[in-house]
Amino acid sequence: MQKLEFTLSAGPVEVTAATLAGLAKPIQYHYDDDFKATFRRVQEKTAEILQTRNDVLILQGEAILGLEGALKSLVTPGMKVLNLVQGIFGKGTGYWLRDFGAEVHELEVGYDDAVTPEMVEEFLDAHPSIEMVCLVASETPSGTVTDVSRIGPMCRDRGILTYVDTVSGVLGMEHRTDDWGLDLCVTGPQKCLGGAPGLSLISVSQRAWDKIYSNPAAPRDSYLSLLDWKEKWLGDGRFPYTPSVSDINGLEAALDQALAEGIDQVIQRHVDARELTKAGARAMGLEFWARREESMSACVTSIRLPDDIDNAEVRDLARSKYGVMFSHGQGAGNLIRLSHMGSTAGGFHSIVGLTALGRTLLDLGMKLDLGMKLDVGAGVDAALEVLSEQRGRQRSAADALV
Ligand SMILES: *Cc1c(COP(=O)(O)O)cnc(C)c1O
């Protein structure tokens, strides 16, 4: 296998040297006072990026663990739940909900579209007995977002619980747990935070705890349990099981870098990367996967492929021929994803991505409408134009500070 030059995948992402150094720290005994202090510090820093004063739990397992454990803790048989589906992860939430015995209602749109706040409002008006709304802030496999800033407060004002998968939302878009009244949020380190996969970061509001305590089937003495972490660790200073010491140190390094840069600055960097990538892809002649430009995520730009070019083939050829790793559609559709997440959300990465993708599509014989040829040069030129504007803006902002 030839050397990989650039990982522009949609998570896990390439991590910085500082994050690798965090992961490589000595392994301490988990009841060493020093490690316990580290764990508590990491919880506080996680609360900062989740913008919350709610309890924060860090479970040792990829974000799917937190998503499943939290849902199983919240759902009681017959509970009336509205699930918003606009992609693979929302669809999966629905399977869990049915498994756990909820009465599931779904608002579902195509995976290239978004469920709007208006649709949610209309549904809730017509179904006042809904007790919880489940949503995915950012559907990474298709690169679309949901407007949590409007749906969250709408649910809070009606006394409806919210369960939010924001694994690729946090730091890739605005996320305000407390201001928007979000009850249960789950994220992970390996997306916009630019850390390693292996942890679930969860915030739980008092309302969510009340619901969990009223659920006799909420997992206890289980790997899926949120209550174990609340009672044993937060309550009693005892870990339910041994945490992965390296993952916690790696997470702290990633959090420190994000907080030093500033939450708003990290989000802006992702937005800038999207704008640059969009301009380049459009000038090249490519078509976006998302139907509505306003629902395109800032962490990955999804490109619609013609039927005769398979997304996994594009991914594999770009990797073997040009040393650039993209993500394919992962079942969401025939699309290829130019990711700009974590440390790869910066102009230069996306420019490399655009050139490698354009050339790969030419190699595969992709034709545009009316027999036009894909114009890689025009795409790079347009992207560089946007990059120079963004750098100019950053320079003026820096000058204004001194
Ligand atoms: C990455 C991600 C997860 C975690 O799922 P994996 O399949 O383990 O990567 C969950 N939800 C969303 C929206 C994600 O982007």
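The rules behind each value
- The numbers attached to residues start from 1 for each chain and follow its sequence in the written order.
- A pLDDT threshold of at least 70 governs which residues receive local features in this predicted model, and a stricter bar of 80 or more applies before side-chain atom pairs are shown or counted, although totals over entire chains, interfaces and linings include all residues.
- Water and hydrogen atoms were dropped before computing side-chain values, which therefore reflect all heavy atoms in the structure.
- Pairing between strands requires that DSSP locate at least two bridges from one strand to the other.
- Secondary structure counts use DSSP, requiring at least four H or I residues in a row for a helix and at least two E residues in a row for a strand, with both numbered from the N terminus.
- Whether two residues touch is decided by their heavy atoms; if any such pair falls within 4.5 Å, the residues are in contact.
- Axes here refer to lines fitted to C-alpha atoms; in helices the fit is confined to the stretch in contact. Angles between the N-to-C directions go from 0 to 180 degrees.
- Here the angle decides the label: under 35 degrees means roughly parallel, over 145 means roughly antiparallel, 65 to 115 means roughly perpendicular, and every other value means oblique.
- In this classification, the charged set is Asp, Glu, Lys and Arg, the nonpolar set is Ala, Val, Leu, Ile, Met, Phe, Trp, Tyr, Cys and Pro, and all remaining amino acids, among them Gly, are polar.
- A helix's residues, less one, multiplied by 1.5 Å, set its expected span.
- Those domain boundaries reflect an automatic or database domain assignment.
- Salt bridge, as used here: a side-chain nitrogen of Lys or Arg that lies within 4 Å of a carboxyl oxygen of Asp or Glu.
- By the criterion applied in these results, polar contacts are pairs of N or O atoms within 3.5 Å in which, for protein atoms, one can donate a hydrogen and the other can accept it, and in which residues neighboring in sequence qualify only through two side-chain atoms.
- Nearness here has a simple test: a residue counts as near a molecule or strand if at least one of its heavy atoms is within 4 Å of that partner.
- Each accessible area value is a Shrake-Rupley result obtained with a 1.4 Å probe; residue values ignore everything except the protein chains displayed when judging cover.

K.L.:
What's the story with the sheet that holds strand S11 (residues 287-288) in this structure? I'm lost.
P.N.:
Spatial ordering of the open sheet is given by S11-S12-S15-S14, a layout of 4 strands whose pairing is antiparallel. Strand pairing shows two members of the sheet lacking a second neighbour, S11 and strand S14 (327-328), which therefore form its edges. Pairing of S14 with strand S15 (residues 335-339) involves 2 bridges; the strand directions are antiparallel. The partner of histidine 328 across the bridge, within S15, is isoleucine 336. Sitting on the sheet, helix H11 (residues 311-322) is in contact with S14 and S15, with an inclination near 45° to S15.

K.L.:
Explanation requested: the packing of helix H12 (residues 347-363) against helix H13 (residues 376-401) in the structure shown.
P.N.:
When two helices pack together, their arrangement is given by the angle between the helix axes and the distance between those axes. Running from N to C, H12 and H13 cross one another at 170°; their axes reach a closest spacing of 9 Å. With respect to each other, H12 and H13 are oriented roughly antiparallel. Taking contact as the criterion, the partners of Gly347, Ile351, Leu354, Thr355, Gly358, Arg359 and Leu362 in H12 are, on H13, Val376, Val380, Ala383, Leu384 and Leu387. For the contact of H12 with H13, the residue count by class is 8 nonpolar, 3 polar and 1 charged.

K.L.:
Can you walk me through helix H10 (residues 263-284) in this structure?
P.N.:
An α-helical turn contains 3.6 residues, so any two residues separated by three or four positions project in the same direction. With 22 residues, H10 should cover 32 Å at 1.5 Å per step; its first-to-last C-alpha distance of 32 Å lies within 8% of that length. Of the residues one or two after H10, glycine 285 is the one with positive phi, at around 105°.

K.L.:
Please clarify how the domain arrangement of the chain should be interpreted in this entry.
P.N.:
For the chain, the assigned domains are domain 1 (6-12 + 262-401) and domain 2 (17-260). Contact with domain 1, which involves 29 residues of that partner, is made by 29 residues of domain 2. For the interface between domain 1 and domain 2, the tally reads 3 salt bridges. Two residues, arginine 304 and aspartate 112, come together in a salt bridge whose shortest N-O distance is 3.0 Å. Summed over the shared surface of domain 1 and domain 2, the number is 11 residue pairs in polar contact (both at pLDDT 80 or more). A total of 4 residues in the side of domain 1 that touches domain 2 trace back to one element, the largest contributor, which is H10. Per-class residue counts for the side of domain 1 that touches domain 2 are 14 nonpolar, 10 polar and 5 charged.

K.L.:
Looking at this model, I keep getting lost on the site of the ligand. Mind explaining?
P.N.:
The environment of the ligand is formed by Glu62, Ile64, Leu67, Phe89, Val136, Ser138, Thr140, Asp165, Val167, Ser168 and Lys191. In this structure, an oxygen atom belonging to the ligand sits 2.3 Å away from a side-chain N or O atom of threonine 140. The separation between an oxygen atom of the ligand and a polar side-chain atom of lysine 191 is 2.7 Å. In the complex, 82% of the free accessible area of the ligand, which totals 380 Å², lies under the protein chains. Of the residues belonging to the shell around the ligand, the class tally is 5 nonpolar, 3 polar and 3 charged.

K.L.:
Whenever I open this one, the sheet that holds strand S9 (residues 184-187) confuses me. Can you help?
P.N.:
As a general point, the strands of a sheet are linked pairwise by backbone hydrogen bonds and lie either parallel or antiparallel. Strand order in the open sheet made by the 7 strands is S2-S10-S9-S8-S5-S3-S4, with mixed pairing throughout. The open sheet has two free edges, formed respectively by strand S2 (55-59) and strand S4 (103-108), since each of these has just one partner strand. On average, each strand axis in the sheet is tilted by 15° relative to the strand beside it, whichever way the strands run. Bridging between S2 and strand S10 (residues 200-204) involves 5 bridges; their strand directions are antiparallel. Bridge pairing in S10 places aspartate 55 opposite valine 204. Sheet contacts for helix H2 (residues 33-50): S2, S9 and S10; angle to S2, the most-contacted strand, approximately 115°.

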